[in-house]
Each structure stands twice: as structure tokens, then as C-alpha cells.
Amino acid sequence: MEQLFSIQRQLDNKILEEHGLQRDEVRTDKLLALQVEIGELANETRCFKYWSRKPAADEGVILEEYVDGLHFILSLGIDGGWEKVPAQSADKMESLTEQFHAVYQAVAVFYTKQSRDSYLTLFQTYLKLGEMLGYNEQDIETAYMSKNNINHKRQNEGY
Ligand SMILES: O=c1ccn([C@H]2C[C@H](O)[C@@H](COP(=O)(O)O)O2)c(=O)[nH]1
């Protein structure tokens, strides 16, 4: 997981440079971007759609949404200088829906008080969500690398 921070830093720096921005001025946008990605992820799992019989999206689609959120979480860690994250994950809630609420709660706490502690809670709650979705660390790293390459390409193509 730790090497992902340096890979993320390279992508962030490229994006900032492309768009003529400084790391500090995009923090609040980045936090909103994370909230949006978490919503997109929840939407693909359909875990809260008690009114619908339609099944969840394919695993690959869900995993791609998951690693979009991970990009922003890694990036927030770089912003704060918290690039060493203990591997353990947070408590597991009793359902996916509850776990999504726990992640949103962790984002809200982090928004109000951006500290190493609140960052670790956010990171670990998000890792637990990944575990509950059925992904192991290898799945996540592979999917992260693949999306990271796409993000680089998009910047090169003037996204
Ligand atoms: O500073 C940034 C801004 C964006 N992204 C990545 C994270 C997501 O993978 C992707 C989101 O882009 P959309 O596909 O939602 O446009 O961009 C970063 O890694 N760092």
C-alpha cells in the first residue's frame, strides 16, 4: 500500500501542473470529489436499493469505482503528510449500507478536523469497505494501477 502513495503523488503532480494549480487550493474540491466517488460506488453496488430487484454491477465496475475513491484518499494523505498507514482495517459494520455510512461519517470528521488520527480512521474504514465488497489487497492494488494509468493517459490527452 505504501508505494501507492508515491505513485499517487506523481499523478497528482501531473494534474496540478497541467491545470496550473497548487496542492493547497484543491483540498476542499478533493474532499467533495471523494464524497461523490463514494456515492458512485454505493450506486454500483445497489446495496441500498431495497425497492429494486436489479443486481449489483459487475465486480470489475465496482472495483473501478472503489479505486477512484482510493485515489482521492491517498491524495489527501499526501496533502497532510500522512503517508504511513498501519495495515489494519477499522471495525466492520453489520451491513454494506452501514459501512458506507461509517465511511461518510469518517469523511465528515476528517473535513472538520484534518489530523493524522482522523485520516487513519478514514483510510481504515475505507479499507474495511473494500474487504466487505470482497476485494483483497492484491485485487485493489492491481485495479488501482490500471486506473492510475488511465488517469495519466487522460491528462496527456487534455481531459
Ligand atoms: O488530484 C487528483 C484528481 C483526480 N484524480 C483521479 C482520481 C480518480 O481516479 C479520477 C476521477 O476522475 P473522474 O473519472 O471522476 O473524472 O481522477 C487524482 O488521482 N488526483
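This write-up is about the structure you can find in this document. Model, not experiment: these values are computed from the prediction. (Residues numbered from 1 in each chain as written. Predicted model: local features only at pLDDT ≥ 70, side-chain atom pairs only at ≥ 80, totals over all residues. Heavy atoms only, no water.)

Turning next to the side chain of Glu37. Structurally, Glu37 is set in helix H2 (residues 27-45). The side chain of Glu37 is buried and forms no salt bridge, while Lys147, the nearest opposite charge, is found at 6.4 Å. Beyond its immediate chain neighbours, meaning those up to four positions away, Glu37 contacts Glu65, Asp68, Gly69 and Phe72. (Helix = DSSP H or I, 4+ residues; strand = E, 2+ residues; numbered from the N terminus. Buried < 20%, exposed > 50% of the residue type's maximum accessible area, 1.4 Å probe, protein only. Lys, Arg positive; Asp, Glu negative; His and termini not counted. Salt bridge = Lys/Arg side-chain N within 4 Å of Asp/Glu carboxyl O. Contact = heavy atoms within 4.5 Å.)

Glancing now at the layout of surface pockets. Computed from the structure, the largest pocket encloses a volume of approximately 580 Å³. Lining the largest pocket are 23 residues, with Asp12, Ile15, Ala33, Phe72 and Gln155 positioned closest to its centre. Going through the elements one at a time, helix H1 (2-18), H2, helix H3 (59-80) and helix H6 (137-156) are the ones with two or more residues in the lining of the largest pocket. When grouped by side-chain class, the residues that make up the lining of the largest pocket number eight nonpolar, six polar and nine charged. (1 Å grid on protein atoms, 1.4 Å probe; cavity = no way out; pocket = protein on both sides within 12 Å on 5 of 7 lines; lining within 4 Å. Points joined across faces, edges and corners; volume = space filled by probe spheres on them. Nonpolar A, V, L, I, M, F, W, Y, C, P; charged D, E, K, R; others polar.)

The next subject is the nonpolar core. Core analysis: the largest hydrophobic core is formed by 36 residues, its most contacted members being Leu41, Tyr66, Leu70, Tyr119, Phe123 and Tyr126. Residue assignment for this core shows that the elements contributing at least two residues are H1, H2, H3, helix H4 (96-112), helix H5 (116-132) and H6. No other element matches H3, which puts nine residues into this core. Those residues within four positions of Leu41 in sequence are excluded, and the remaining contacts are Ile62, Glu65, Tyr66, Phe100, Tyr126, Leu129 and Leu133. (Core = buried A, V, L, I, M, F, W, Y, C linked by side-chain atoms within 4.5 Å.)

Time to look at the environment of Ala57. Relative to the helices and strands, Ala57 resides in the loop between H2 and H3. Look at Ala57 and you get partly exposed, because its relative accessible area is 24%. Distance in space between the C-alpha atoms of Ala57 and Asn43 is 8.9 Å, their sequence separation being 14 residues. Setting aside chain neighbours within four positions, we find Ala57 in contact with Glu44 and Ile62.

Here we take up the pattern of salt bridges. As enumerated under the stated definition, the model contains eight salt bridges in all. Among the ionic pairs, Asp12 bridges to Arg23, the shortest N-O distance being 3.0 Å. In this pair, Asp12 sits in helix H1 while Arg23 sits in the loop between H1 and H2, placing the two residues eleven residues apart along the sequence. A relative accessible area of 16% means that Arg23 is categorised as buried. As a salt-bridge pair, Lys128 and Glu131 come within 3.0 Å of each other at their nearest N and O atoms. You can see Lys128 and its partner Glu131 sitting in helix H5, three residues apart, about one turn around the helix. A residue is classified by how much of its surface remains accessible, and Lys128, at 10% relative accessible area, is buried. Under the relative-accessibility criterion, Glu131 is labelled partly exposed at 43%.

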